[in-house]
Amino acid sequence: MDIAKIVGENLKMARKAKGITQKQLANEMHKYQSDYSEYETGRVQLDYEKIIFLCKRLDITPNELFEM
């Protein structure tokens, strides 16, 4: 499986576990919901700043984000 898809799936699970919507996270990141959705589907890869922000916001580690 593609690493972007693995990260996207882990991101989606962490977000849902916190009860946060894509729209809420997108707003916090100053993005549109449709742009954020591309992270969870693996169409767009995250840069370092987004990884750090999302890990802190979702209370997960980068290792958990990249875990297969």
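A short tour of the structure in this document, coming up. Residue numbers run consecutively from 1 along every chain, following the written order of its sequence. Owing to the predicted nature of the model, reporting of local features is limited to residues with pLDDT of at least 70; listing and counting of side-chain atom pairs is limited to 80 or more, with chain, interface and lining totals taken over all residues. With hydrogens and water set aside, each side-chain value is computed from the structure's full complement of heavy atoms.

## Focus on a nonpolar patch on the surface
Here comes step 1: Patch members must show over 30% relative accessible area and no salt bridge, and they are joined within 9 Å when carrying like charges or within 5 Å when they are nonpolar side chains of Val, Leu, Ile, Met, Phe, Trp or Tyr. Each accessible area value is a Shrake-Rupley result obtained with a 1.4 Å probe; residue values ignore everything except the protein chains displayed when judging cover. For this document, the term salt bridge refers to a Lys or Arg side-chain nitrogen within 4 Å of an Asp or Glu carboxyl oxygen. Together, Ile3, Phe66 and Met68 make up a nonpolar patch on the protein surface, roughly 350 Å² of accessible area in all.
Here comes step 2: Considering the arrangement of structural elements, one finds phenylalanine 66 in helix α5 (residues 62–66). Helix numbers and strand numbers start at the N terminus; a helix is a DSSP run of H or I with at least 4 residues, a strand a run of E with at least 2.

## Remarks on the environment of glutamine 33
Here comes step 1: Within the secondary structure, glutamine 33 is located in helix α3 (residues 33–41).
Here comes step 2: With a 1.4 Å probe rolled over the protein chains alone, any residue whose accessible area is under 20% of its type maximum counts as buried; one over 50% counts as exposed, and the rest are partly exposed. Taking the relative accessible area as the measure of exposure, glutamine 33 reaches 34% and is therefore partly exposed.
Here comes step 3: Each C-alpha atom, one on glutamine 33 and one on threonine 21, is 9.2 Å from the other, the two residues being twelve residues apart in sequence.
Here comes step 4: Excluding anything up to four places from it in sequence, glutamine 33 contacts Gln22, Lys23 and Ala26. The contact criterion used is simple: two residues touch if any of their non-hydrogen atoms lie within 4.5 Å.

## Notes on the packing of aromatic side chains
Here comes step 1: Stacked, edge-to-face and tilted are the three classes for Phe, Tyr and Trp ring pairs, Trp counted by its six-membered ring, which pair at centre distances within 6.5 Å; planes under 30 degrees apart are stacked, over 60 edge-to-face, the rest tilted. Within the structure shown, the criterion is met by one aromatic pair.
Here comes step 2: Pairing tyrosine 36 with tyrosine 39 gives two aromatic rings, centres 5.8 Å apart and planes at 90 degrees, and the pair type is edge-to-face. With tyrosine 36 and tyrosine 39 both in helix α3 and three residues apart, this pair spans about one turn of that helix. The residues tyrosine 36 and tyrosine 39 share a single accessibility class, namely buried.

Any functional reading would require information that these geometric values do not contain.
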